[in-house]
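Chains, contacts and geometry: an overview
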Number of protein chains: 2
Amino acid sequence: MLKGIDPLLTPELLKVLAEMGHGDEIVVADANFTAATLAAGKPVIHLPGAGVERASQAVLSLLPLDAAVAQPVAFMQVSEYPAGTLSALQRRMLDQLQRGGHAQPAQCEATERFAFYDRVRDAFAIVLTGEQQPYGNFLYKKGVIGEALVP
Amino acid sequence: MLKGIDPLLTPELLKVLAEMGHGDEIVVADANFTAATLAAGKPVIHLPGAGVERASQAVLSLLPLDAAVAQPVAFMQVSEYPAGTLSALQRRMLDQLQRGGHAQPAQCEATERFAFYDRVRDAFAIVLTGEQQPYGNFLYKKGVIGEALVP
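This text gives an overview of the structure that appears in the document. (Residues numbered from 1 in each chain as written. Chains lettered and ligands numbered in written order. Predicted model: local features only at pLDDT ≥ 70, side-chain atom pairs only at ≥ 80, totals over all residues. Heavy atoms only, no water.)

What to know about the interface of chain B and chain A
For the record, the criterion: Any two residues whose heavy atoms approach within 4.5 Å at even a single point are treated as in contact. Accessible area, probed at 1.4 Å, shrinks when two parts are joined; the buried area is that loss added up over both. A pair is scored as a salt bridge if a Lys or Arg side-chain nitrogen falls within 4 Å of a carboxyl oxygen belonging to Asp or Glu. Here a polar contact is taken to be a pair of N or O atoms separated by no more than 3.5 Å, where protein atoms must pair a possible hydrogen donor with a possible acceptor and residues adjacent in sequence count only if both atoms sit in side chains.
Contacts between chain B and chain A engage twelve residues on the former and twelve residues on the latter. Around 1100 Å² of area is buried between chain B and chain A when both sides are counted, 68% of it from carbon and sulfur atoms. Among the residues chain B hides against chain A, the three largest losses belong to B:Met1, B:His46 and B:Pro48. Together they make up 45% of the total. Where chain B packs against chain A, one counts zero salt bridges. Linking chain B with chain A are zero residue pairs in polar contact (both at pLDDT 80 or more).

A word on the sheet that holds strand β5 (residues 125-129) of chain B
Residue and element names in this part refer to chain B. Counted only if it meets this: Two strands are counted as paired when DSSP detects at least two bridges linking them. Secondary structure elements follow DSSP: runs of H or I of four or more residues count as helices, runs of E of two or more count as strands, with numbering from the N terminus. Between N-to-C directions, angles cover 0 to 180 degrees, with each direction set by a line fitted to C-alpha atoms, over the stretch in contact for helices.
Across the sheet, which stays open at both edges, the six strands sit in the order β2-β5-β1-β6-β3-β4 with mixed pairing between neighbours. Either end of the sheet is taken by a strand with one partner, and the two such strands are β2 (44-47) and β4 (108-111). The sheet shows a mean angle of 20° between the axes of neighbouring strands, taken without regard to direction. Direction of pairing for strand β1 (residues 25-29) relative to β5: parallel, over a ladder of four bridges. When the bridges of β5 are listed, Ala29 appears paired with Leu128. Across the sheet, helix α4 (residues 88-99) lies against β3 (73-76), β4 and β6 (138-141), angled at about 25° from β6, the strand it touches most.

As for the relation of the copies chain B and chain A
Using the following cut-off: In this comparison the copies share one frame, found by least squares on the C-alpha atoms of residues holding pLDDT of at least 70 in both.
Of the transformation placing chain B onto chain A, the axial shift is 0.0 Å and the rotation is 180°, giving an RMSD of 0.0 Å. In the structure described here, the two chain copies are related by an operation that fits a two-fold rotation axis. Among all residues of chain B, the minimum C-alpha distance to the rotation axis is found for B:Gly49, at 2.0 Å. Most of the interface of chain B is mirrored in chain A, where 100% of its interface residues again form contacts.

Comments concerning the environment of B:Ala70
Along the polypeptide, B:Ala70 turns up in the loop between α3 (52-60) and β3. In this structure the C-alpha to C-alpha distance between B:Ala70 and B:Glu109, which are 39 residues apart in sequence, comes to 9.2 Å.

Observations regarding the side chain of A:Asn137
Residues and elements named next belong to chain A. Defined as follows: Working definition: with a 1.4 Å probe on protein chains only, accessible area under 20% of the residue-type maximum means buried, over 50% means exposed, and in between means partly exposed.
Mapped onto the elements, Asn137 comes out in the loop between β5 (125-129) and β6 (138-141). Residue classification places Asn137 among the buried residues on the basis of a relative accessible area of 2%. Those residues in contact with Asn137 that sit more than four places away from it in its chain are Val28, Ala29, Asp30, Phe33, Ala74, Phe75, Met76 and Phe116.

Overview of the packing of aromatic side chains
Residues and elements named next belong to chain B. Put simply, the test is: Between the rings of Phe, Tyr and Trp (Trp by its six-membered ring), a pair exists once the centres lie within 6.5 Å; its type follows the angle of the planes, with under 30 degrees stacked, over 60 edge-to-face, and the other angles tilted.
If you walk through the whole model with that rule in mind, you get ten aromatic pairs over all chains. Ring geometry for Phe138 and Tyr140: centres 6.5 Å apart, planes at 20°, overall stacked. Note on accessibility: Phe138 and Tyr140 belong to one class, buried.

With respect to the packing of helix α3 (residues 52-60) of chain A against helix α4 (residues 88-99) of chain A
Residues and elements named next belong to chain A. Basically, it comes down to this: The cut-offs work like this: below 35 degrees is roughly parallel, past 145 is roughly antiparallel, 65 to 115 is roughly perpendicular, and the gaps in between are oblique. For any helix crossing, the convention is left-handed if the near helix is rotated counterclockwise from the far helix by under a right angle, and right-handed if that rotation is clockwise. Just so you know the grouping, Ala, Val, Leu, Ile, Met, Phe, Trp, Tyr, Cys and Pro go in nonpolar, Asp, Glu, Lys and Arg go in charged, and all remaining residues, Gly too, go in polar.
Closest axis-to-axis distance for the α3/α4 pair is 10 Å, and the angle between their directions is 25°. Classified by the angle between their axes, α3 and α4 sit roughly parallel to one another. Between α3 and α4 lies a crossing of right-handed hand. For the pair α3 and α4, contact is made by Val52, Glu53, Ser56, Gln57 and Leu60 and by Leu89, Arg92, Met93, Gln96 and Leu97, respectively. Partitioning the contact of α3 with α4 into residue classes produces five nonpolar, three polar and two charged.

What follows is the structure in structure tokens.
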């Protein structure tokens, strides 16, 4: 364990978050997600003891989201219901992202299942949680930390 | 996820449990344990989202304990108190092991800290949990599953 670091962040996940640069993306996925196949050799960090909300909280405690894009967050759209339908978990997550000052709901893009897979193929890493609720898959695009460009 | 398999068992941990043979030992340790150093290249599986009780429950759902030794379980003795003093976690764990039919308290060996380290050096793998309580370190010796020797 390290001072001030969420204990859910394993050494490997901490290294991954630090290695990621501006625009790189990390996925926090539910327990049934096609992680190994889509990762194709990129890091898959297993966090079976945590759900998507808790794992996202830990990741976003260190990872700045990208302010340079309109939607730095994406999540897998529920297929079986009309467009715009959010699962219970997705509603809680959008609320958590808003309350945490990470992203407004309009900054989170609902993405069709296979389009989401395509995006995941280009991601830097996948955190596979123990989340039991389907469609519990979120993607976060890393932003920057630094001095203000214009003081 | 797999049918009937505790979802806390990551693919790596599942493989480790399957690879272990009779007499091999696995350690379930607290979050501050010296895992990487003592493992010295052997598998360290990070389960920061679970404590020692939950992780032990998952491990022992598949791992048979060794009936060929008097004490197939060992745990790190509390140093600061008189011999025989059990931490709150250790009391709960001994109770859990008994209730689960895994081991009686007398089959669990309290081991001095540095003697425990020596034993861990010979272990097959270490599961590093998110357990916040100190002295939350247990070791399990694998037994056998098979036909009765004398019917």
